[in-house]
Amino acid sequence: MATPTVEELYRNYGILADAKDQVEQHRDAYQVILDGVKGGAKEKRLAAQFIPKFFKHFPDLADPAINAQLDLCEDEDVSIRRQAIKELPQFATGENLPRVADILTQLLQSDDSAEFNLVNNALLCIFKMDAKGTLGGLFTQILQGEDIVRERAIKFLSTKLKTIPEEVLTKEVEEYIFTESKKVLEDVTGEEFVLFMKILSGLKSLQTVSGRQQLVELVAEQADLEQKFNPAEPDCVDRLLQCTRQAVPLFSKNVHSTKFVTYFCEHVLPSLSSLTSPVEGLDIQLEVLKLLAEMSSFCGDMEKLESNLKKLFDKLLEYMPLPPEEAENGENAGNEEPKLQFSYVECLLYSFHQLGKKLPDFLTAKLNAEKLKDFKIRLQYFARGLQVYIRQLRLALQGKTGEALKTDENKIKVVALKITNNINVLIKDLFHIPPSYKSTVTLSWKPVQKADAGQKRSSSEDTPSNSPPKKPTAGPKRDARQIYNPPSGKYSGNLGSFSYEQRGGFRGGRGRGWGGRGNRSRGRLLKGFF
């Protein structure tokens, strides 16, 4: 059949438009319009508008009509492509909707911004017609499509789902998303895993206690907590850190972190010093200890509590040195004072304090007298050095407000003051007879909660004021500078919370691994679908 001209297209359009209720009787006229995709630019633009307008009247020509529109979606002329894409939602009727969703998902790979926005809008349009059908097309491409399509389909879900009205995103639809997401999570990169956790944690049906528990179990499965931990393998460390970071916001007094805390105590703490960082410049030991501290508040009943508390206690001792030996003249026998690592001690002491509540007689009944004495000597030495540092920080920050506190140097000092105050409070608790576990502190890298205002300790201790600093608790009369010379730059690299993101994913895990997803076919765009 000859390619129709512009005049012929208009004439056949008129026939169909005038037919009204008898449109179906003019199949030949619609076929002429379908053939318009073989013409020049003007004919194609008209065909892109006319084909969808009468599509619903010719179900027996559905496949040829959709294929004709797809040809226009792949045209070299960007204006023709845009027109064809804009009209695609009109083909999303009945059983055709999942097919159109699949096509639109593939079109997300477009690098033309206007075209990409049209695809997004078209997907949102058909989402409101049939959410499950649209999701079916998206997940088909996520599971089977090319990498660029998969990547953009996941990002579409992570950014657009939250804009979908509640009446569209029903409980049934959310259950479908959860079921399909679990299939995808069998083979994901690290970045994809983070995006899917963002998607799932935003679902209303998973905001309940049981829903959050399901998410924690999902993360635990991804973290491979049943497998042996290899501290020398960066990907193994990366997987655990990323998964734990996704789990932390889900924990609460009703959703416990016990499985993760147990794994950290039994497998990670003993090999802390040999951890291999997945990212250059990251203090991997501190990041691990921060995660443990955050999780420890929500740990439930632990099977091997005494054993794990002992591991935590032993690790804490490594960072709480004994006082240096003195020579006969009263000076230090060694050349240097021990370095006090406040950031590490804050995390370990906080974790020990949290787990210690569950076994309050650990220090008095589970340790022999000699070990308890040794621990108290270490605590006392650390506390005395701590007082010196707190006094110096308060003096350095005294009278500073507003912009003055926003300099990098003063930001470091403010956080350092929070860290040292936290340690001071926790040490005082442990010096009680018997040791107490009642004080509450907010970890230095976490925002202060309003509830903390009701605690016995004033929050003013963590911030500079115009009043002179309080005198430290009296101790043995000895020059404090001989006890401890505060280390410089001890906090500068370790202030922020865990924030890095491993772009390449976690390789070599389950199946094709976190990042080693298999090669995907490279057929012609769209045409292989039908």
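Conventions and cut-offs
- Residues numbered from 1 in each chain as written.
- Predicted model: local features only at pLDDT ≥ 70, side-chain atom pairs only at ≥ 80, totals over all residues.
- Heavy atoms only, no water.
- Helix = DSSP H or I, 4+ residues; strand = E, 2+ residues; numbered from the N terminus.
- Buried < 20%, exposed > 50% of the residue type's maximum accessible area, 1.4 Å probe, protein only.
- Contact = heavy atoms within 4.5 Å.
- Areas by Shrake-Rupley, 256 points an atom, 1.4 Å probe, with all protein chains shown as cover.
- Axes fitted to C-alpha atoms, helices over the stretch in contact; angles between N-to-C directions.
- Parallel < 35°, antiparallel > 145°, perpendicular 65-115°, else oblique.
- Left-handed = near helix turned anticlockwise from the far one by under 90°.
- Nonpolar A, V, L, I, M, F, W, Y, C, P; charged D, E, K, R; others polar.
- Salt bridge = Lys/Arg side-chain N within 4 Å of Asp/Glu carboxyl O.
- Expected span 1.5 Å × (residues − 1).
- Core = buried A, V, L, I, M, F, W, Y, C linked by side-chain atoms within 4.5 Å.
- Domains from an automatic or database assignment.
- Polar contact = N/O pair within 3.5 Å; in protein donor to acceptor, adjacent residues only side chain to side chain.
- Phe/Tyr/Trp six-rings, centres within 6.5 Å; stacked < 30°, edge-to-face > 60°.
- pLDDT = per-residue confidence, 0-100.
- Arc of directions from axis to C-beta.
- Disulfide = S-S within 2.5 Å.

1. A word on the overall build of the protein chain
Looking only at helices and strands, one finds 21 helices and zero strands in the protein chain. When the 530 residues of the protein chain are sorted by exposure, 49% land in the buried category. In the protein chain, the share of contacts with a sequence separation of at least 24, taken over all contacts with a separation of at least 6, comes to 75%. Summed over its atoms, the accessible surface of the protein chain is roughly 25,800 Å², and 48% of this surface lies on carbon and sulfur atoms.

2. Remarks on the packing of helix α17 (residues 342-356) against helix α20 (residues 408-431)
One way to put it is that α17 packs onto α20 with a least axis distance of 9 Å and a crossing angle of 40°. When the interaxial angle is binned, α17 and α20 end up oblique. The two elements α17 and α20 meet at a crossing, and its hand is left-handed. When α17 is examined against α20, the residues Phe 342, Ser 343, Val 345, Glu 346, Leu 349, Tyr 350, Phe 352 and His 353 are found in contact with a partner set consisting of Ile 419, Thr 420, Asn 422, Ile 423, Leu 426, Ile 427, Asp 429 and Leu 430. Each residue belonging to the contact of α17 with α20 can be placed in one class, and the counts come to ten nonpolar, four polar and two charged.

3. Digging into the pattern of salt bridges
Scanning the entire structure with this criterion turns up 21 salt bridges. Of the charged contacts, one joins Lys 204 and Glu 166 as a salt bridge, the two residues approaching to 3.1 Å between their closest N and O atoms. Of this pair, Lys 204 sits in the loop between α11 (190-201) and α12 (209-223) while Glu 166 sits in the loop between α9 (147-160) and α10 (171-184), and the two are 38 residues apart along the sequence. There is no split in this pair, since Lys 204 and Glu 166 are both exposed. Taken together, the salt bridges that share partners define one network made up of Arg 245, Glu 294 and Lys 446.

4. Some remarks on helix α16 (residues 305-318)
Here α16 is 14 residues long and its end C-alpha atoms lie 20 Å apart, about the 20 Å a rise of 1.5 Å per residue gives. Taken together, the buried positions of α16 are occupied by Leu 305, Asn 308, Leu 309, Leu 312, Phe 313, Lys 315, Leu 316 and Leu 317. Those residues of α16 hidden inside the fold are in contact with α14 (258-268), α15 (284-296), α17, α18 (362-366) and α19 (369-397).

5. A word on the nonpolar core
Counting residues in hydrophobic clusters, the biggest one holds 155 residues, and the most contacted among them are Tyr 30, Ile 51, Leu 104, Ile 177, Phe 260 and Phe 352. For this core, the domains that each give at least three residues are domain 1 (208-302) and domain 2 (356-445). Not counting residues up to four positions away in its chain, the partners in contact with Tyr 30 are Leu 16, Phe 50, Ile 51, Phe 54, Phe 55, Phe 58, Leu 61 and Ala 65.

6. With respect to the environment of Thr 208
By the secondary structure assignment, Thr 208 is in the loop between α11 and α12. Only 3.2 Å separates the side chain of Thr 208 from the side chain of Ser 210, close enough to count as a polar contact.

7. What to know about the side chain of Arg 81
By the secondary structure assignment, Arg 81 is in helix α5 (residues 78-87). Residue Arg 81 is classed as buried on the basis of its relative accessible area of 17%. Among the polar contacts listed, one links the side chain of Arg 81 to the backbone oxygen of Glu 76, at a separation of 3.2 Å. Once residues lying within four places of it in the same chain are set aside, the contact partners of Arg 81 are Leu 72, Cys 73, Glu 74, Asp 75, Glu 76 and Glu 115.

8. Here we look at the packing of helix α3 (residues 41-53) against helix α4 (residues 62-73)
Running from N to C, α3 and α4 cross one another at 145°; their axes reach a closest spacing of 10 Å. As for the relative orientation of α3 and α4, their crossing is left-handed in sense. In this structure, α3 uses Lys 44, Ala 47, Ala 48, Ile 51 and Pro 52 to contact α4, whose residues at the interface are Ala 65, Ala 68, Gln 69 and Leu 72. Broken down by class, the residue content of the contact of α3 with α4 amounts to seven nonpolar, one polar and one charged.

9. Concerning unusual backbone geometry
At the junction of Ile 433 and Pro 434, the peptide bond is cis and its omega measures out at -5° in the coordinates. By the element assignment, Pro 434 lies in the loop between α20 and α21 (480-483). Residues other than glycine seldom take positive phi values, yet Lys 20 does so here, at roughly 50°. With respect to the element layout, Lys 20 can be found in the loop between α1 (6-19) and α2 (27-35). Looking at Lys 20, the relative accessible area reads 64%, which means it is exposed.

10. A few points about the packing of aromatic side chains
Throughout the structure, instances matching the rule amount to 16 aromatic pairs. Aromatic pair Tyr 10 and Phe 50: ring centres 6.0 Å apart, planes at 65°, arrangement edge-to-face. Residue Tyr 10 is found in helix α1, and its partner Phe 50 is found in helix α3; the two are separated by 40 residues along the sequence. According to the relative accessible area criterion, Tyr 10 is partly exposed, its value standing at 47%. By relative accessible area, which is 7% here, Phe 50 ends up buried. Centre to centre, the rings of Phe 313 and Phe 352 are 5.8 Å apart; their planes meet at 45°, and the pair counts as tilted.

11. Looking at the side chain of Asp 75
With respect to the secondary-structure elements, Asp 75 resides in the loop between α4 and α5. Side-chain polar atoms of Asp 75 contact the backbone nitrogen of Asp 77, separated by 2.9 Å. For Asp 75, the contacting residues outside a window of four places in its chain are Lys 44, Ile 80 and Arg 81.

12. Thoughts on the confidence of the model for the protein chain
With 82% of its residues at a pLDDT of 70 or more, the protein chain shows a mean pLDDT of 84. Taking the mean pLDDT of every element in the protein chain, the minimum, 32, falls on α21 and the maximum, 97, on α14. This model gives residues 451-513 a pLDDT under 50, and the stretch forms 131 contacts once residues within four places in sequence are excluded.

13. Quick word on the environment of Glu 226
Along the polypeptide, Glu 226 turns up in the loop between α12 and α13 (234-247). Along the sequence, Glu 226 and Tyr 263 sit 37 residues apart, while their C-alpha atoms lie 8.8 Å from each other.

14. Considerations on α1
Since the α-helix packs 3.6 residues into each turn, any two residues three or four apart lie on the same face. Counted at 1.5 Å a residue, the expected span for α1 with its 14 residues is 20 Å, and the 20 Å between its end C-alpha atoms agrees. Regarding α1, the residues found buried are Val 6, Leu 9, Asn 12, Leu 16 and Ala 19. Angular distribution of buried residues about the axis of α1 spans 155°; they occupy a single face of the element. Among the exposed residues of α1, those pointing more than 90 degrees away from its buried face are Glu 7 and Asp 18. On the buried face of α1, the contacting elements are α2 and α3.

15. Thoughts on the state of the cysteines
By definition, a disulfide is the covalent link that joins the sulfur atoms of two cysteine residues. Inspection of the entire model under this criterion finds zero disulfides. For the unlinked cysteine Cys 265, the closest cysteine sulfur is that of Cys 299, found at 7.6 Å.

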